[in-house]
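Coordinate inspection notes
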Amino acid sequence: MKRPRKWSLWSDRSWPRLGVAALLLATAVVWAVLRGISAYDPSLAGIGYDLDQPPILVALVGVWIFSRSRSA
Amino acid sequence: MILPQIQIARGHWLLGALFLAIILDEYLPLPGRDGRAGSRSPLIGWALMIGGAGVWATVVFADVVHDMLIHFLWGDLLLAAGALELARRRGVYERPWLDYVLPLAILGCGALFIVHVEIDPEGQGAQWHLAMGLLLLAGGLLELLRLQWPRVAAVPLGLPPLAAFALALIAIPVAAAS
């Protein structure tokens, strides 16, 4: 009977993506602290402006790469 | 219609994030695949074409002729590369030379940055444009070299300069965006 594979950070090829995702998220946090983040009104355009800020964009790319780290 | 400088900067930040997502997904190895290729996702083709449409939109909003021309050519290049990548990733068109499409598109975009600076060396953001052009040229050349040397193919040589380019685009100050 085949044993289910135990996932390990170092046993597969996920770690470059996980590492880059962690680096991007850390960069986003530092960037947000240094630069600050503006909040806009809760309209559709305001939400677009909320997201279209360098630290938020870097964090979104980090989340995207993290989500793409487990799929072949 | 001329866009305010902050909106131009926002467009640059958005395109920078899109480019960062493209190159990381393309060049970072995926679990279960060999290191040479990234995801081979059709999303890359779509993202290139969306980026091309975004750059091309500058032709409508720019008020400087050389900005209009250069952005028009950038848009064309990205749309053509995106269409070819999409066709390959969908499996409807397979040719060995398609491996060169992405590095050549990157190289072409880098060359256009240099042309942009050469046409208007005193323009605002010239230093940023020069740095970004050189980073794209380095990234494109390194990826072309990687295609030629299969032994180092597992290492995405072009990734550091291309990531630096994307981060420079995301970080471009409002005053330097043009």
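Residues numbered from 1 in each chain as written. Chains lettered and ligands numbered in written order. Predicted model: local features only at pLDDT ≥ 70, side-chain atom pairs only at ≥ 80, totals over all residues.

1. Here's the deal with the overall build of chain B
From N to C terminus, chain B includes six helices and zero strands. The secondary structure elements of chain B, listed N-terminal to C-terminal, are α-α-α-α-α-α. A compact globule built from 178 residues should have a C-alpha radius of gyration of about 16 Å, and chain B, at 16 Å, falls within 12% of that. Seen through its principal axes, chain B has C-alpha atoms that stretch 45 × 30 × 25 Å. Here chain B, with 178 residues, has 43% of them falling under the buried criterion. (Helix = DSSP H or I, 4+ residues; strand = E, 2+ residues; numbered from the N terminus. Rg over C-alpha atoms; globule rule 2.2 N^0.38 Å. Buried ≥ 20, exposed ≤ 12 C-beta atoms within 10 Å, placed from the backbone.)

2. A closer look at the overall build of chain A
When helices and strands are tallied, chain A shows three helices and zero strands. N-terminal to C-terminal, the α/β element order of chain A is α-α-α. The burial tally for chain A puts 24% of its 72 residues in the buried class. Intrachain contacts of chain A at a sequence separation of at least 6 include 64% that bridge at least 24 residues. (Contact = placed C-beta atoms within 7 Å.)

3. Regarding the nonpolar core
In this structure, B:Leu20, B:Ile23, B:Ala166 and B:Ile170 are the most contacted members of the largest nonpolar core, which totals 56 residues. When contributions to this core are tallied by element, the ones reaching two or more residues are helix 1 (15–35) and helix 3 (54–67) of chain A together with helix 1 (5–27), helix 2 (42–61), helix 3 (65–90), helix 4 (101–119), helix 5 (126–148) and helix 6 (159–171) of chain B. By residue number, the principal contributor to this core is helix 1 of chain B, which donates twelve residues. Not counting the four nearest positions on each side in its chain, B:Ala166 is found in contact with B:Gly16, B:Phe19, B:Leu20 and B:Ile23. (Core = buried A, V, L, I, M, F, W, Y, C linked by C-beta atoms within 7 Å.)

4. Structural notes on the environment of B:Gly52
Residues and elements named next belong to chain B. By the element assignment, Gly52 lies in helix 2. Given 22 C-beta atoms within a 10 Å radius, Gly52 is considered buried. C-alpha of Gly52 to C-alpha of Gly110: the two residues are 58 residues apart in sequence and 14 Å apart in space. In this view, Gly52 contacts Gly75, Leu78, Leu79 and Gly82; residues no more than four positions away in its chain are not counted.

5. Let's talk about the confidence of the model for chain B
For chain B, mean pLDDT is 87; residues scoring 70 or higher make up 92% of the total. Here the complex is predicted with pTM 0.86, and the ipTM for its interfaces comes to 0.84. (pLDDT = per-residue confidence, 0-100.)

6. Focus: the packing of helix 1 of chain B against helix 2 of chain B
Residues and elements named next belong to chain B. For the pair helix 1 and helix 2, interaxial distance at closest approach is 10 Å and the crossing angle is 160°. By the angle class used here, helix 1 and helix 2 are roughly antiparallel. Note that helix 1 runs across helix 2; the crossing there is left-handed. Residues Gly11, Leu15, Leu18, Phe19, Ala21, Ile22, Asp25 and Glu26 of helix 1 lie in contact with helix 2, whose contacting residues are Ile44, Ala47, Leu48, Ile50, Gly51, Gly54 and Val55. The residue makeup of the contact of helix 1 with helix 2, split by class, is ten nonpolar, three polar and two charged. (Axes fitted to C-alpha atoms, helices over the stretch in contact; angles between N-to-C directions. Parallel < 35°, antiparallel > 145°, perpendicular 65-115°, else oblique. Left-handed = near helix turned anticlockwise from the far one by under 90°. Nonpolar A, V, L, I, M, F, W, Y, C, P; charged D, E, K, R; others polar.)

7. A closer look at the packing of helix 3 of chain B against helix 4 of chain B
All names here are of chain B. Packing of helix 3 against helix 4 leaves a shortest axis separation of 10 Å and a crossing angle of 180°. One element, helix 3, and the other, helix 4, form an angle in the roughly antiparallel class. Along its contact with helix 3, which presents His66, Ile70, Leu73, Trp74, Leu77, Leu78, Ala81, Leu84 and Glu85, the element helix 4 presents Val101, Leu102, Ala105, Gly108, Cys109, Leu112, Val115, His116 and Ile119. For the contact of helix 3 with helix 4, the per-class residue count stands at 14 nonpolar, three polar and one charged.

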